[in-house]
Every structure is written in structure tokens, then in C-alpha cells.
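# Structural overview
Listed here are the chains, written in short residue letters.
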Amino acid sequence: MILCAILLIKLIFMSTKKETFASLIKQFDYRYDLREAFDDFLTMTICAFSRNPETGLSFDEDLYLKTITKYKEEENRKLFPKLLSCLVNEMDERLESSEGFDVLGEFYELNTPKNSKSQFFTPWPICQFMAKATMDESQKTENNRPLLILDPACGSGRMLLAASRASNPYNEYYGVDIDHCCAKMAAINFFLGGLFKSEVMCADALFPENFTLSYRISMLPFGIFKIEEKEKSPLWWLYNNSMKGEKKNEPEKPFDSWTGKGTGSNAGSQLKLF
């Protein structure tokens with residue numbers, strides 16, 4: 001009788017316990033590699049946010065279908081939209097939290113070591129301190145134009161998220177990271193965090209020619225859009241120009257890729273290193 005009562009209490013507790021992003025995604029750990037499931041969630045989320053208004057489908061519909069195919073069980077497939085719902089809710093609830101709202105980065109740090117090695121990002125309070133120290137009033141705008149703020153090793157984008165909260169919301173935010181998983185986390189964080197003039201490039205920051213791909217986040221059109229050719233990436237042009245300086249034989253590119261105002265490779269000099 002006592003045993004039945006204990007089991008009943010446990011069942012009630014389990015049924016009323018609030019589901020979190022971490023608790024939901026860990027359900028994959030019984031059948032799948034957790035790191036792979038997390039990366040697949042990032043991939044499918046970006047696919048879902050890259051909707052083609054003409055067709056109503058994702059620009060990466062084939063990639064989405066290819067990624068979800070490995071999850072043959074219906075209950076596992078249903079977890080992905082629930083994960084996105086939890087992620088959005090948790091980020092919203094933690095907007096003013098002293099711990100920050102980088103839910104993806106926190107999970108990645110604690111639960112997805114690779115070859116027994118973990119990757120850690122700058123703690124949120126330090127990000128806030130650096131953002132406030134760097135983004136003072138005199139640096140929020142330059143010549144009545146938005147600043148182009150760069151983090152060349154952005155990780156999950158935490159530093160730029162803090163910068164966006166401490167500075168002019170009309171600034172443009174750019175991240176570079178050699179780890180594709182980090183680039184995807186940053187792109188999703190920027191989109192859900194409202195950084196609609198931003199881009200994340202997957203490349204070696206020291207050698208921008210080593211371009212893998214890029215994710216551009218915008219309001220119009222609304223979504224996250226993958227760029228696979230470096231010449232079509234505004235960030236690549238800006239970063240490449242800032243690294244190499246003006247070249248006579250280099251084609252000109254619009255200074256402000258969002259409004260088309262101004263031209264020339266001098267645009268690269270406007271990138272502000274975070």
C-alpha cells in the first residue's frame with residue numbers, strides 16, 4: 001500500500017513537472033547521439049525560419065526532410081516543434097535575467113562535449129559588463145549611420161546579444177565562428193532576440209577566404225536565409241575589406257547592404273571589433 005502511494009506521488013510529480021528545453025531534448029539521449037540531435041534541431045529550426053513566401057515552403061525544404069528522416073519514431077518527431085516552443089518561452093522569460101537568455105549556448109556548454117572536450121562561452125554578466133563599457137553614448141552611432149559591430153569568434157552569439165541590449169537597436173551585428181554548430185546557434189539567437197540586421201558567417205576569422213556558408217537574419221524578408229557563395233555575403237565583403245584594405249582590382253560593394261547607401265571597400269573600415 002505504501003509502495004503504491006509512493007509510485008502515485010512520483011507519477012503526479014512527473015506529470016506536473018514543467019517541461020524545459022533541456023529536459024525535452026535529453027529524451028533523445030536514449031536512442032540517438034545527443035550532440036547530433038541538438039545539431040539537427042538547429043538545422044531544422046533554421047529551415048523552418050527560411051520560408052519562401054512564393055511557395056509557402058522552406059528554401060531548405062529538402063534539407064529539413066533529409067534531417068528528420070532519421071527520426072523514424074513519431075514521438076521523437078513531435079519533440080522538435082515542442083523544443084522550439086520551449087526555447088522561445090524560456091528566452092522570453094529570461095530576457096531580464098541576470099543569467100542571460102542564451103538557452104542554446106548554455107545547453108551546448110553543459111551537455112555536448114566533443115571527444116571529451118567541452119566548449120565554454122563568456123559568462124553573461126561579463127558580456128553585459130563588456131557591452132556597457134564598449135557601447136557608450138559616443139559609440140552608438142557614427143555619422144548618423146548605424147554601427148557595424150563584429151565578434152570574430154562569436155560562439156552562440158552571446159556577446160552580440162548583450163551588445164544589442166546595451167546599444168542602439170538600429171546597429172548591425174555580425175558574427176564569425178569556425179564551428180558550424182555555433183554559427184547556427186548564433187543565427188537562431190539573433191533571430192529570436194530581434195537582431196534583424198545581422199549575419200553569422202561560418203569561417204576562420206583569420207582567413208575569411210575559408211568561407212563555408214553564412215546566415216543572414218532580416219525583417220524584410222522575414223527570416224534566416226542561408227548564403228552559400230561568399231560573394232553574395234555582405235559580411236564577407238565587409239570583413240574581407242577590413243582585413244585586406246582597399247584593392248584596385250576588387251569589385252565595389254554597397255557600404256550599407258541593408259539600405260544600399262554608399263559604395264566602396266571603405267565600408268570594411270566601419271566594422272567595430274567587439
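Shown above is the structure to which this text applies.
For clarity, every value in this text was computed on a predicted model and none was experimentally measured.

Thresholds, definitions, all that
- Residues numbered from 1 in each chain as written.
- Predicted model: local features only at pLDDT ≥ 70, side-chain atom pairs only at ≥ 80, totals over all residues.
- Heavy atoms only, no water.
- Helix = DSSP H or I, 4+ residues; strand = E, 2+ residues; numbered from the N terminus.
- Buried < 20%, exposed > 50% of the residue type's maximum accessible area, 1.4 Å probe, protein only.
- Contact = heavy atoms within 4.5 Å.
- Areas by Shrake-Rupley, 256 points an atom, 1.4 Å probe, with all protein chains shown as cover.
- Core = buried A, V, L, I, M, F, W, Y, C linked by side-chain atoms within 4.5 Å.
- Patch = residues over 30% accessible without salt bridge, like charges linked within 9 Å, V, L, I, M, F, W, Y side chains within 5 Å.
- Salt bridge = Lys/Arg side-chain N within 4 Å of Asp/Glu carboxyl O.
- Expected span 1.5 Å × (residues − 1).
- Arc of directions from axis to C-beta.
- Pairing = 2+ DSSP bridges.
- Axes fitted to C-alpha atoms, helices over the stretch in contact; angles between N-to-C directions.
- Parallel < 35°, antiparallel > 145°, perpendicular 65-115°, else oblique.
- Left-handed = near helix turned anticlockwise from the far one by under 90°.
- Lys, Arg positive; Asp, Glu negative; His and termini not counted.
- Polar contact = N/O pair within 3.5 Å; in protein donor to acceptor, adjacent residues only side chain to side chain.

### So, the overall build of the chain
Helix and strand counts for the chain come out as 11 helices and 8 strands. Relative to its 274 residues, the chain shows a buried fraction of 46%. Taking all contacts inside the chain whose residues are at least 6 apart in sequence as the whole, residues at least 24 apart take part in 64%. Element-wise, carbon and sulfur atoms account for 56% of the exposed surface of the chain, whose accessible area totals about 15,100 Å².

### Observations regarding the nonpolar core
Grouped together as the largest cluster of nonpolar side chains are 56 residues, with contacts concentrated most on Phe 21, Phe 28, Phe 38, Leu 104 and Ile 224. Here the element with the most residues in this core is helix α10 (residues 180-192); it accounts for 9 residues. Filtering out sequence-adjacent residues up to four positions away, Ile 224 remains in contact with Ile 46, Phe 49, Ser 50, Ala 187, Ile 188, Phe 191, Tyr 215, Arg 216 and Ile 217. Counting residues in each nonpolar core, the second largest holds 13 residues, with Val 176, Ala 203, Ala 205 and Trp 237 among its members.

### Brief notes about a nonpolar patch on the surface
A cluster of nonpolar side chains, contributed by Ile 126, Phe 129 and Met 130, occupies part of the molecular surface with about 290 Å² of accessible area. Looking at where Met 130 falls in the secondary structure, it is placed in helix α8 (residues 124-134). For Met 130, a relative accessible area of 31% puts it in the partly exposed group.

### Concerning the side chain of Ser 198
Considering the arrangement of structural elements, one finds Ser 198 in strand β5 (residues 197-204). With relative accessibility at 0%, the residue Ser 198 sits in the buried group.

### Brief notes about the pattern of salt bridges
If you walk through the whole model with that rule in mind, you get 13 salt bridges. Put simply, Lys 184 and Asp 39 hold a salt bridge, and the shortest N to O gap is 3.1 Å. Note that Lys 184 is positioned in helix α10 and Asp 39 in helix α3 (residues 34-48), a separation of 145 residues in sequence. With a relative accessible area of 4%, Lys 184 lands in the buried category. What makes Asp 39 partly exposed here is its relative accessible area of 23%. Residue Arg 158 pairs with Glu 109 through a salt bridge whose shortest N-O separation is 3.4 Å.

### Overview of helix α6 (residues 79-93)
The terminal C-alpha atoms of α6 lie 21 Å apart, and with 15 residues this matches the ideal 21 Å at 1.5 Å per residue to within 8%. Along α6, the positions that sit buried rather than exposed are Leu 79, Phe 80, Leu 83, Cys 86, Leu 87, Glu 90 and Met 91. Looking straight down α6, one finds that the buried residues subtend no more than 125° of arc, so they occupy a single side. Facing away from the buried side of α6, by more than 90 degrees, are the exposed residues Pro 81, Asp 92 and Glu 93. Residues of α6 that are buried sit in contact with α2 (21-25), α3, α5 (74-77), α7 (103-111) and α10.

### Examining the pairing of strand β7 (residues 223-227)
In terms of burial, β7 is largely enclosed, as 4 of its 5 residues are buried. With 5 bridges connecting them, strand β6 (residues 207-218) and β7 associate as antiparallel partners. Pairing of Arg 216 across the sheet is with Phe 225, part of β7. Where β6 hands over to β7, the hairpin turn is made up of 4 residues, counted between the paired strands.

### Let's talk about the packing of α3 against α7
Two elements in contact, α3 and α7, have axes separated by 11 Å at closest approach and are oriented at 160°. Judged by the inter-axis angle, α3 sits roughly antiparallel to α7. The element α3 and its partner α7 pack so that their crossing is left-handed. Contact with α3, carried on its side by Leu 34, Arg 35, Phe 38, Phe 41 and Leu 42, involves Leu 104, Phe 107, Tyr 108 and Asn 111 of α7 and no other residues of that element.

### A short note on the side chain of Asp 177
Along the polypeptide, Asp 177 turns up in strand β4 (residues 172-177). No salt bridge is formed by the buried Asp 177, whose closest oppositely charged neighbour, Arg 35, lies at an N-O distance of 9.8 Å. Setting aside anything within four residues of it in sequence, one finds Asp 177 in contact with Ala 153, Cys 154, Gly 155, Cys 182, Met 201, Cys 202 and Ala 203.

### Some thoughts on the environment of Ser 164
Considering the arrangement of structural elements, one finds Ser 164 in helix α9 (residues 158-166). A C-alpha to C-alpha distance of 9.0 Å links Ser 164 and Gly 193, two positions 29 residues apart in sequence. Setting aside its immediate chain neighbours within four residues, Ser 164 contacts Tyr 173 and Leu 195. Of the polar contacts made by the side chain of Ser 164, one reaches the backbone oxygen of Leu 161; its length is 2.6 Å.

By themselves, these figures tell us nothing about what the structure is for.
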